[in-house]
Amino acid sequence: MASTLPSRRSFLALTGLTALSVSLTAACGSDGSDTRAADGKVSFAWWNIATTEPGKSLFPQISSAFTSAHPNIVINTTSLENEAFKSKLTATTSSGKLPEVFQTWGGGVLRQQVDAGLVEDLTDLLDWSSELTPVSLQAYQFDGRTYGVPYDIGMVGFWYNKKLFAKAGITTPPATWAELLDDVRKLKAAGITPIALAGKEKWPGHYYWAYLAMRVAGLSALQQAATTKDFTGEGFVQAGVHLKELVDLQPFQPAFLGAGYATPGGQAATMGNGKAAMELMGQWGPSVQKDAGADLGADLGFFPFPTVDGGAGRATEVFGGGGGFALRKGAPKEALDFLKFFVLENESKLLASNGYLPVVKGAESQLTDANKKVVAQSLVQATGFQLFLDQAYPPAVGQEVNDSVADLIAGKKTPEQVTASITEAAKSA
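Thresholds applied
- Residues numbered from 1 in each chain as written.
- Predicted model: local features only at pLDDT ≥ 70, side-chain atom pairs only at ≥ 80, totals over all residues.
- Heavy atoms only, no water.
- Helix = DSSP H or I, 4+ residues; strand = E, 2+ residues; numbered from the N terminus.
- Rg over C-alpha atoms; globule rule 2.2 N^0.38 Å.
- Contact = heavy atoms within 4.5 Å.
- Pairing = 2+ DSSP bridges.
- Axes fitted to C-alpha atoms, helices over the stretch in contact; angles between N-to-C directions.
- Buried < 20%, exposed > 50% of the residue type's maximum accessible area, 1.4 Å probe, protein only.
- Expected span 1.5 Å × (residues − 1).
- Polar contact = N/O pair within 3.5 Å; in protein donor to acceptor, adjacent residues only side chain to side chain.
- Core = buried A, V, L, I, M, F, W, Y, C linked by side-chain atoms within 4.5 Å.
- Salt bridge = Lys/Arg side-chain N within 4 Å of Asp/Glu carboxyl O.
- Lys, Arg positive; Asp, Glu negative; His and termini not counted.
- Parallel < 35°, antiparallel > 145°, perpendicular 65-115°, else oblique.
- Left-handed = near helix turned anticlockwise from the far one by under 90°.
- Nonpolar A, V, L, I, M, F, W, Y, C, P; charged D, E, K, R; others polar.

## What to know about the overall build of the protein chain
Next, step 1: Per the secondary structure count, the protein chain includes 19 helices and 13 strands.
Next, step 2: Here the C-alpha radius of gyration of the protein chain, 21 Å, is about what a compact globule of 429 residues would show, namely 22 Å.
Next, step 3: Look at the contacts in the protein chain between residues 6 or more apart in sequence, and 78% of them connect residues 24 or more apart.

The structure is reproduced here in structure tokens:
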């Protein structure tokens, strides 16, 4: 997902936090008010991104079930679209405040909030963490400490329309980048738009460059670059070269540069309505296709991102992440009780909604959707895992990845300029 938070330096300067200011807000709500009223009622804010189905209906149901069982608790819910959420959280964070419970994808963004003293350390409070899969917790752990609770985990891959593939004479999904490019040509020759892309929102485009960097340079190169702050290596340049090969084929739907993701006529709707043969998206893809457009049903398939001939990466190295929630430092214990209820007691409902993948050990056996099973199995068999780059790296670096890759796709930057811009952002972050 895209990131709009400031760099660590500006982040800390903006918040202006001190140990004293944190301690003063420890018992207060996100607006500075006490969360524990005189009548014994406890209230807390819950910010999430459940603006599309199934979360749009399911999240309020879970919240209502919790407050019905605990009448002394009031949950003030704010649901915002992805980008709107990040903008609002950025403004709130910069003022040194956070809602008691807030959506997070972990990684570098959460790390900076932790470093600023804004997030509760859950390590000694999460006595049920052993019930969660290690890979689902990974993005929320730093230096052996845990700062978030996952409710979804998955990977990015290609969702494709089997009917449109067959119409173009494609019998099996591509396993290599060269095969993918050939399939794009076949689809275009058949009068079919090969790929749907939300060019306006940028984060979907970064998936291509990130995966290509993994396939060409290798997973370790991405991890090393986070330390050396140098993305100018040949593997990263070649990632851009390969992406340009795809862009030059003009594979995307008309006016894709102005298209949103979940908006009417956007990427998900284009795919769901059968107007494009593929989209590169996470495990939530089918749910948003159905919500924004239509349900492809049995015509929908999934295949992992192809390997690149001669590349260092392997097909079993996956890229993705999931959703989770973190607590503002000093949030009431009832907020963590809510997260335990949300994740452990509602895992079956989350999976049955067909919008999420399991974070509880053994829960994958409950999956009934064939494509979700493929994704879950790919995660089980994964030999390596890379979090979304705009979350794994410091916010300013992740934003530059999104911006520069978007410029490459729009024909405004060369592969070399992309790596130079990301490196510059990394060194100044």
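## A closer look at the sheet that holds strand β7 (residues 154-155)
Next, step 1: Spatially, 3 strands are ordered β7-β11-β13 in an open sheet, and the strand pairing comes out mixed. In this open sheet, the two edge strands, each paired with only one partner strand, are β7 and β13 (384-387).
Next, step 2: With 2 bridges connecting them, β7 and strand β11 (residues 317-321) associate as antiparallel partners. Residue Gly 154 lies in a different strand from β11, and its bridge partner there is Gly 321.
Next, step 3: The strands that helix α9 (residues 203-216) touches are β7, β11 and β13; relative to β11, the one it contacts most, it runs at about 150 degrees.

## Quick word on the environment of Ile 192
Next, step 1: With respect to the helices and strands, Ile 192 occurs in the loop between α8 (177-189) and α9.
Next, step 2: Between the C-alpha atom of Ile 192 and that of Gln 253, which follows or precedes it by 61 residues, the distance is 9.5 Å.
Next, step 3: Leaving out residues up to four positions away in the same chain, Ile 192 has contacts with Leu 164, Lys 167, Ala 168, Leu 187 and Ala 277.

## Examining the pairing of β11
Next, step 1: A large share of β11 lies buried, amounting to 5 of its 5 residues.
Next, step 2: Judged from the 4 bridges that link them, β11 and β13 form a sheet pairing that is parallel. Looking at the pairing, Gly 320 lines up with Leu 387 of β13.

## Description of helix α4 (residues 82-94)
Next, step 1: With 13 residues, α4 ought to run about 18 Å at 1.5 Å a step, and its terminal C-alpha atoms sit 18 Å apart, in line with that.
Next, step 2: Residues of α4 that are buried: Asn 82, Phe 85, Lys 86, Leu 89, Thr 90, Thr 92, Thr 93 and Ser 94.
Next, step 3: Two or three places before Glu 83, at the opening of α4, Glu 81 has a side-chain oxygen 3.1 Å from that residue's backbone nitrogen.

## Considering the nonpolar core
A general feature of soluble globular proteins is that nonpolar side chains tend to end up buried together.
Next, step 1: The biggest cluster of nonpolar side chains holds 128 residues, and the ones touching the most others in it are Trp 209, Leu 243, Met 278 and Phe 342.
Next, step 2: A total of 10 residues in this core trace back to one element, the largest contributor, which is α9.
Next, step 3: When residues no more than four places from it in sequence are discounted, the contact partners of Leu 243 are Trp 177, Tyr 208, Trp 209, Leu 212, Val 405, Leu 408 and Ile 409.

## Side note on the pattern of salt bridges
Next, step 1: Within the structure shown, the criterion is met by 10 salt bridges.
Next, step 2: Across the pair Glu 100 and Arg 328 runs a salt bridge, and its minimum N-O distance is 3.2 Å. With Glu 100 in the loop between α4 and β3 (101-104) and Arg 328 in the loop between β12 (324-327) and α14 (333-344), this residue pair connects regions lying 228 residues apart in the sequence.
Next, step 3: By relative accessible area, which is 3% here, Glu 100 ends up buried.
Next, step 4: Close ionic contact of Arg 111 with Asp 115 constitutes a salt bridge, the shortest N to O distance being 3.3 Å. With a gap of 4 residues between them, Arg 111 and Asp 115 both fall in helix α5 (residues 107-115), about one helical turn apart.
Next, step 5: Accessibility expressed as a relative area gives 32% for Asp 115, which makes it partly exposed.
Next, step 6: Members of the salt-bridge network, linked through shared partners, are Arg 111, Asp 115 and Asp 143.

## Looking at helix α10 (residues 219-228)
Next, step 1: Among all positions of α10, only Leu 219, Ala 221, Leu 222 and Ala 225 are buried.
Next, step 2: Considering only its buried residues, α10 is in contact with α9, α11 (234-247), β11, β13 and α17 (389-392).
Next, step 3: Directly after α10, the chain includes Lys 229, whose backbone phi takes a positive value near 60 degrees.

## Some words on the side chain of Glu 347
Next, step 1: Within the secondary structure, Glu 347 sits in helix α15 (residues 347-352).
Next, step 2: One buried charged residue, Glu 347, forms no salt bridge at all, with the nearest opposite charge on Lys 349 at 12 Å.
Next, step 3: A polar contact of 3.0 Å, which involves the side chain of Glu 347, links it to the backbone nitrogen of Val 359.

## Observations concerning the packing of helix α3 (residues 55-69) against α14
Next, step 1: For the pair α3 and α14, the least separation of the axes is 10 Å and the interaxial angle reads 125 degrees. On the basis of their axis angle, the class for α3 and α14 is oblique. You can see that α3 and α14 cross each other, and the crossing is right-handed. On α14, the residues touching Phe 59, Ile 62, Ser 63, Ala 65 and Phe 66 of α3 are Glu 334, Asp 337, Phe 338, Phe 341 and Phe 342.

## What to know about the packing of α11 against helix α18 (residues 395-409)
Next, step 1: Where α11 meets α18, the axes come as close as 9 Å, and the angle between the chain directions of the two elements is 45 degrees. In terms of their interaxial angle, α11 and α18 are classed as oblique. Every residue of α18 that contacts α11 at Gly 240, Leu 243 and Val 247 is listed here: Val 405, Leu 408 and Ile 409.
Next, step 2: Taken together, the residues that form the contact of α11 with α18 break down as 5 nonpolar, 1 polar and no charged.

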